[in-house]
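Survey of secondary and tertiary structure
Each chain, written out:
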Amino acid sequence: MLDAIDRKLIAATQGGLPLVREPYAALADQLGLPEAQVIARLQDLLARGAIRRIGAIPNHYALGFTANGMSVWDVADEEIAEVGAMVGALDAVTHCYERPRHLPLWPYNLFAMVHGRTRDEVRSEVADIARLIGPAARAHEVLFSTRILKKTGLRIAA
Amino acid sequence: MGIVDPTGRAIINGLQGGFPLTSRPFREAGAALGLTEDELIEGVGELIAAGQLSRFGPLWNAVELGGAVCLAAIAVPPARFDAVANQVNAHPEVAHNYERGHALNMWFVVSSEDPARIDAVLAEIERETGLVVHAMPKRQEFFVGFRVEV
């Protein structure tokens, strides 16, 4: 769990790191902590997975990756760990999860998000995934987003 | 759209993870990209100003922070689509909501610091809309990369 200092660090960095030569010293000044403590905390949060990574967070849409396809696959439960790891390792796949089926409406249990510049680019990547998975996928579909109805980031209060 | 100069490209392709946790991280990361410390700082600032980076810094994992996230989908009758979108979006716990081309045409993410809120919000949305909300919680995560090459 997070303590009060972790929460202050999150609140101070949700908008990003200060763009200065010594960003951690700037954060430390803001929080009233030594720089070494800020760095050690961030290292620990990264090691625990509370921070996924530190760096550039791209805006897909502004970079021209306007086609966003949610490819969904019906994979036998006993094969999903192997297939998921294989699909997740592809460069074109930005997220890959196992989720529950909702039969009969929704037979798919593997979700792989594919971003591309065009829908054709996404379809061609999905075709590559289909070849890679082979007969382990009993059915698949790709759902394109047609409208963004809401998009806000994670916000944790200090 | 999608126009990035060579410095921007080097930053986006080379700095999606692994930013150093040292006193002068821009100097160190810049050296690996062939940029000076100040060129890297300026380049990141320009990409943010252009909206090509959402931001530069830590990407926090909501679940590891003790919170919870759940994807959910609804088959919304087309005539009611906008009204239902307003009902769903009115919940502050709804972080993202997308229209998608499928019978299940509305896909949204509910996130909360309090895991118990997730089921409560999904139940409130069912009650308010009179539509079945299909919860699609993550069972296993194989990869979350968000990597893009420009």
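Residues numbered from 1 in each chain as written. Chains lettered and ligands numbered in written order. Predicted model: local features only at pLDDT ≥ 70, side-chain atom pairs only at ≥ 80, totals over all residues. Heavy atoms only, no water.

Some remarks on the overall build of chain A
On a plain count of helices and strands, chain A comes out with 5 helices and 5 strands. Ordering the α and β elements of chain A from the N terminus gives α-α-α-β-β-α-β-β-α-β. A globule of 158 residues ought to have a C-alpha radius of gyration of about 15 Å, yet chain A, at 20 Å, is considerably larger. With 158 residues in all, chain A has 51% of them scored as buried. For chain A, the proportion of contacts with a sequence separation of at least 24, taken over those separated by at least 6, is 64%. (Helix = DSSP H or I, 4+ residues; strand = E, 2+ residues; numbered from the N terminus. Rg over C-alpha atoms; globule rule 2.2 N^0.38 Å. Buried < 20%, exposed > 50% of the residue type's maximum accessible area, 1.4 Å probe, protein only. Contact = heavy atoms within 4.5 Å.)

Some remarks on a negative patch on the surface
All names here are of chain B. A contiguous patch of negative charge on the surface is contributed by Asp 5, Glu 39, Glu 42 and Glu 46. You can see Glu 46 is positioned in helix α3 (residues 37–49). Look at Glu 46 and you get partly exposed, because its relative accessible area is 45%. (Patch = residues over 30% accessible without salt bridge, like charges linked within 9 Å, V, L, I, M, F, W, Y side chains within 5 Å. Areas by Shrake-Rupley, 256 points an atom, 1.4 Å probe, with all protein chains shown as cover. Salt bridge = Lys/Arg side-chain N within 4 Å of Asp/Glu carboxyl O. Lys, Arg positive; Asp, Glu negative; His and termini not counted. Charge placed at Lys NZ, Arg CZ, Asp CG, Glu CD.)

Observations concerning the packing of aromatic side chains
Any pair of aromatic rings gets described here by the distance separating the centres and the angle formed by the planes. Summed over all chains, the structure comprises 7 aromatic pairs over all chains. Ring geometry for Trp 106 of chain A versus Tyr 108 of chain A: centroids 5.0 Å apart, planes at 80°, classification edge-to-face. Tyr 108 of chain A shares its class with Trp 106 of chain A; the two are buried. Every member of this aromatic cluster is reached through a ring pair, and the members are Trp 106, Tyr 108 and Phe 111 of chain A together with Trp 107 of chain B. In this structure, Arg 99 of chain A packs its charged tip against the face of Phe 111 of chain A, placed 5.3 Å from the ring centre. Above the ring of Tyr 98 of chain B, the side-chain terminus of Arg 100 of chain B is found at 5.3 Å from the ring centroid. (Phe/Tyr/Trp six-rings, centres within 6.5 Å; stacked < 30°, edge-to-face > 60°. Lys NZ or Arg CZ within 6 Å of the ring centre and 35° of its normal.)

A look at the nonpolar core
Formed by 37 residues in total, the largest nonpolar core has its most connected members in Tyr 24 and Val 38 of chain A together with Phe 19, Leu 40 and Phe 56 of chain B. Of all the secondary-structure elements, those providing two or more residues to this core are α1 (4–13), α2 (23–31), α3 (35–47) and β1 (51–58) of chain A together with α1 (6–14), α2 (25–33), α3 and β1 (53–60) of chain B. Setting aside chain neighbours within four positions, we find Phe 56 of chain B in contact with Gly 16, Leu 17, Leu 19, Gly 55 and Ala 56 of chain A together with Leu 15, Phe 19, Phe 26, Val 44 and Ile 48 of chain B. Ala 85, Val 88, Phe 108 and Val 133 of chain B belong to the second largest nonpolar core, which has 20 residues in total. (Core = buried A, V, L, I, M, F, W, Y, C linked by side-chain atoms within 4.5 Å.)

What about the UniProt feature "domain: Siroheme decarboxylase AsnC-like ligand binding" (unreviewed entry) in chain A?
With numbering matched to this structure, UniProt assigns "domain: Siroheme decarboxylase AsnC-like ligand binding" (unreviewed entry) to residues 63–150 of chain A. Segment residues 63–150 of chain A splits into 27% helix and 41% strand. End C-alpha atoms: 19 Å apart. (UniProt positions renumbered as here; feature names shortened; annotations may be inferred.)

Focus: the UniProt feature "domain: Siroheme decarboxylase NirL-like HTH" (unreviewed entry) in chain A
Mapped onto this numbering, the UniProt entry gives "domain: Siroheme decarboxylase NirL-like HTH" (unreviewed entry) at residues 6–52 of chain A. Here residues 6–52 of chain A is 64% helix and 4% strand, with 15 Å between the C-alpha atoms at its ends.

Observations regarding the pairing of β1 of chain B
Across the 8 residues that make up β1 of chain B, a large majority, 7, are buried. Judged from the 7 bridges that link them, β1 of chain A and β1 of chain B form a sheet pairing that is antiparallel. In the strand pairing of β1 of chain B, Ile 54 of chain A is matched with Pro 58 of chain B. (Pairing = 2+ DSSP bridges.)

A short note on the environment of Phe 56 of chain B
With respect to the secondary-structure elements, Phe 56 of chain B resides in strand β1. Sequence separation between Phe 56 of chain B and Asn 13 of chain B is 43 residues, and the spatial gap between their C-alpha atoms is 13 Å.

What to know about the confidence of the model for chain A
On average, residues of chain A score 91 in pLDDT, and 96% of them reach the 70 mark or higher. Looking at the elements of chain A, mean pLDDT is at its lowest for α1 of chain A, recorded as 90, and at its highest for α2 of chain A, recorded as 97. (pLDDT = per-residue confidence, 0-100.)

Considering the UniProt feature "domain: Siroheme decarboxylase AsnC-like ligand binding" (unreviewed entry) in chain B
As annotated in UniProt, the feature "domain: Siroheme decarboxylase AsnC-like ligand binding" (unreviewed entry) corresponds to residues 70–142 of chain B in the numbering used here. For residues 70–142 of chain B, the end-to-end C-alpha separation is 16 Å, with 32% helix and 34% strand making up the annotated structure.

A closer look at the interface of chain B and chain A
Contacts between the two partners involve 75 residues from chain B, matched on the other side by 78 residues from chain A. Looking at the side of chain B facing chain A, the largest losses of area belong to Leu 21, Trp 60 and Phe 142 of chain B, adding up to 12% of the total buried there. For the pair chain B and chain A, the number of links is 6 salt bridges. Note that Asp 38 of chain B is salt-bridged to Arg 21 of chain A, the shortest N-O span being 2.4 Å. (Buried area = accessible area lost by both parts, 1.4 Å probe.)

Section: helix α4 (residues 81–89) of chain B
Within α4 of chain B, burial applies to Phe 81, Val 84, Ala 85, Val 88 and Asn 89 of chain B. With its buried residues spanning 130° around the axis, α4 of chain B presents them on a single face. Elements in contact with the buried residues of α4 of chain B: β5 (137–151) of chain A together with β2 (68–74), β3 (94–100), β4 (106–112) and α5 (116–129) of chain B. (Arc of directions from axis to C-beta.)

What to know about the UniProt feature "domain: Siroheme decarboxylase NirL-like HTH" (unreviewed entry) in chain B
In the numbering used here, UniProt assigns the feature "domain: Siroheme decarboxylase NirL-like HTH" (unreviewed entry) to residues 9–51 of chain B. Helix makes up 65% of residues 9–51 of chain B and strand 0%, with an end-to-end C-alpha separation of 14 Å.

With respect to the side chain of Glu 124 of chain B
Mapped onto the fold, Glu 124 of chain B is located in helix α5. Apart from residues no more than four positions distant in its own chain, Glu 124 of chain B is found in contact with His 91 and Arg 117 of chain B.

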